[in-house]
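# Close look at the chain arrangement
One letter stands for each residue in the lines below.
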Amino acid sequence: MSNKIKNLLKKRNKTKIVSLTAYSNHIAKILDKYCDITLVGDSVANVLYGMKNTHEINIDTIIRHSKSVKKGIKRSIMVVDMPKGSYKTPLQAKKNAKLIYKKTKCDAVKIESNNKNFEIIKEIRKAKIPVMGHIGFTPQFKKKFSVEGKTKIEIKKLIKEAQLIEKAGAFSVVLECLTPHAAKIVTKFLKIPTIGIGSSANCDGQILVTDDILGLSGFYPKFVKKYANLNSLIERAVKKYSKEVIRKKFPNNKNFLYGKWKFKTNFQK
Ligand code: KIV
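These remarks concern the structure in this document. Bear in mind that the values here come from a model prediction, so they are computed numbers and not experimental data.

## Things to note about helix H6 (residues 118–126)
Inspection of H6 places Phe-118, Ile-120, Ile-121, Glu-123 and Ile-124 among the buried residues, and these make up the whole buried set. Where the residues of H6 are buried, they touch helix H5 (90–104), strand S4 (108–110), strand S5 (131–136) and helix H7 (152–168). Remark: Lys-128 follows H6 within two positions and exhibits a positive phi of approximately 65°.

If you want it as structure tokens, here you go:
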């Protein structure tokens, strides 16, 4: 296990773990200063490609975005989501995890749980690749959105799933859209840190989609807090640019590459 991950594990119970998603190096460079984990999420499908879900994004696209993100990473743990269909069997999972790990030089991969793929995590760990789990609402496997952990039976199931993920060798697990009570109990039952999204403050850390908190994606469920409104900022800038081009205010003398046009020419039409 890398020092980065060992340090993360030491943080548990001392300070909260901060995580966000990135799909490109300029965003990753900013996140890297403040986040413990930078995730190249398969949410890139909805956020950047306008797909209706995360199912169609393929391994080549994830690798391409991860290579860009890697250029912005110095200190945070870079985790790459394995796309749907890339870990159907333990052997396929190991082969694809190795490909992602080798090509992107990430620190870990993340796989969503369908309450079955514990062997898959074990197989990826055999290749010495750190794995992050993901339980609760897992968009790769669940069609209909629902909050999980509302009943005693559901909570018991979530605890078991999380414990099997931990036993299989994962270093951390994302809890997506669990009730606050379920998040608290699952976190209590685990030795590895839990990272919540829409699962209350009862987790060891938090993750959100960066484009959501920046007000860029147009997706703002209740669990997202908009920390900026970049959509309107961008619109204002583009509107101004458009006006200035039409009114011949841009470019002006200051925008010439070679300074002012000083000499006279003899060119005639
Ligand atoms: O793909 C993603 O962005 C994620 C997070 C929301 C956890 O999996």
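## Looking at the packing of aromatic side chains
One pass over the structure, following the stated rule, counts three aromatic pairs. Here the aromatic rings of Tyr-87 and Phe-141 are separated by 6.3 Å at their centres, their planes lie at 80°, and the arrangement is edge-to-face. Of this pair, Tyr-87 sits in the loop between strand S3 (77–81) and H5 while Phe-141 is found in the loop between S5 and H7, placing the two residues 54 residues apart along the sequence.

## Remarks on the site of the ligand
Near the ligand you find Thr-21, Leu-39, Gly-41, Asp-42, Ser-43, Asp-81, Lys-110, His-134, Ile-197 and Val-209, and these make up its full shell. Here an oxygen atom of the ligand and a side-chain polar atom of Asp-42 are 2.9 Å apart. Interatomic distance of 3.0 Å between a side-chain N/O atom of Lys-110 and an oxygen atom of the ligand. Computed on the free molecule, the ligand has an accessible area of 250 Å², of which 94% lies beneath the protein chains in the complex. Given that more than half its atoms are within 2 Å of the pocket grid, the ligand belongs to the largest pocket. Among the residues making up the shell around the ligand, the classes are represented as three nonpolar, four polar and three charged.

## A short note on the pairing of strand S1 (residues 17–21)
S1 sits mainly inside the fold: four of its five residues count as buried. As defined by bridge partners, S1 adjoins strand S8 (residues 205–208) across four bridges and the pair is classed as parallel. Considered in S8, the bridge of Val-18 is made with Gln-206. The pairing of S1 with strand S2 (residues 37–40) spans three bridges and is classified as parallel. Bridging across to S2, Ser-19 finds its partner in Ile-37. Handedness of the crossover joining S1 and S2 through helix H2 (residues 25–34) is recorded here as right-handed.

## Comments concerning the environment of Lys-142
Tracing the sequence through the fold places Lys-142 in the loop between S5 and H7. Lys-142 gets classed as partly exposed once you look at its relative accessible area, which sits at 30%. For the pair Lys-142 and Ile-5, spaced 137 residues apart in sequence, the C-alpha separation works out to 29 Å. Engagement of the side chain of Lys-142 in a polar contact is seen with the side chain of Glu-148, the distance being 2.8 Å.

Cut-offs and rules
Residues numbered from 1 in each chain as written. Predicted model: local features only at pLDDT ≥ 70, side-chain atom pairs only at ≥ 80, totals over all residues. Heavy atoms only, no water. Buried < 20%, exposed > 50% of the residue type's maximum accessible area, 1.4 Å probe, protein only. Helix = DSSP H or I, 4+ residues; strand = E, 2+ residues; numbered from the N terminus. Contact = heavy atoms within 4.5 Å. Phe/Tyr/Trp six-rings, centres within 6.5 Å; stacked < 30°, edge-to-face > 60°. Near = heavy atom within 4 Å. Polar contact = N/O pair within 3.5 Å; in protein donor to acceptor, adjacent residues only side chain to side chain. Areas by Shrake-Rupley, 256 points an atom, 1.4 Å probe, with all protein chains shown as cover. 1 Å grid on protein atoms, 1.4 Å probe; cavity = no way out; pocket = protein on both sides within 12 Å on 5 of 7 lines; lining within 4 Å. Sits in = over half its atoms within 2 Å of the grid points. Nonpolar A, V, L, I, M, F, W, Y, C, P; charged D, E, K, R; others polar. Pairing = 2+ DSSP bridges. Right-handed = clockwise from strand over helix to strand, strands pointing away.

These values are about where atoms sit, not about what they do.
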